[in-house]
Amino acid sequence: METKEKVLETLRQAGEPLNAGKIAELSGIDRKEVDKAMKILKAEGVIVSPVRCKWTTA
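From a predicted model like this one, the values you see are computed outputs, not experimental measurements.

Caption draft 1: View of the overall build of the chain. The helix and strand tally for the chain stands at three helices and two strands. Listing every helix and strand of the chain by position from the N terminus yields α-α-α-β-β. For the chain, the C-alpha radius of gyration of 10 Å lies close to 10 Å, the compact-globule estimate for 58 residues. Structurally, the chain occupies a C-alpha span of about 25 × 20 × 15 Å along its principal axes. For the chain, the residues scored as buried account for 29% of the 58 residues in total. A total of about 3,900 Å² of accessible surface is found on the chain, and carbon and sulfur atoms cover 48% of it. When the 11 positive and 9 negative side-chain charges of the chain are each reduced to one mean point, those points stand 6 Å apart.

Caption draft 2: Region of interest: the environment of Ala37. With respect to the helices and strands, the residue Ala37 is situated in helix α3 (residues 31-44). The exposure class of Ala37 is buried, given its relative accessible area of 4%. For Ala37, the contacting residues outside a window of four places in its chain are Thr3, Lys4 and Val7.

Caption draft 3: Local environment of the pattern of salt bridges. For the structure on display, the rule yields four salt bridges. Its salt-bridge partner being Lys22, residue Glu25 comes within 3.4 Å of it at the nearest N-O pair. Placement of the pair is Glu25 and Lys22 together in helix α2 (residues 20-27), with a separation of three residues, close to one helical turn. Between Asp35 and Arg31 there is a salt bridge, and its shortest N-O distance comes to 3.2 Å. A residue pair is termed a helical-turn pair when its members lie 3 or 4 positions apart in one helix, as Asp35 and Arg31 do in helix α3 at four residues.

What counts and what doesn't
- Residues numbered from 1 in each chain as written.
- Predicted model: local features only at pLDDT ≥ 70, side-chain atom pairs only at ≥ 80, totals over all residues.
- Heavy atoms only, no water.
- Helix = DSSP H or I, 4+ residues; strand = E, 2+ residues; numbered from the N terminus.
- Rg over C-alpha atoms; globule rule 2.2 N^0.38 Å.
- Buried < 20%, exposed > 50% of the residue type's maximum accessible area, 1.4 Å probe, protein only.
- Areas by Shrake-Rupley, 256 points an atom, 1.4 Å probe, with all protein chains shown as cover.
- Lys, Arg positive; Asp, Glu negative; His and termini not counted.
- Charge placed at Lys NZ, Arg CZ, Asp CG, Glu CD.
- Contact = heavy atoms within 4.5 Å.
- Salt bridge = Lys/Arg side-chain N within 4 Å of Asp/Glu carboxyl O.

Everything listed here is a matter of coordinates, which is why it stays silent on function.
Quick look at the structure:
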């Protein structure tokens, strides 16, 4: 599974906004890889930030 897909799946399963550190912890992906994937997902408009520093699916 691609990193972006795994980040999205982790956010969907959580059911609440998460920060990058928590996504890395829950998914088992390295924090730097999570940050890269989130940067792409933000640019694509797939994830949004309802609370400062926390993200969820759009």
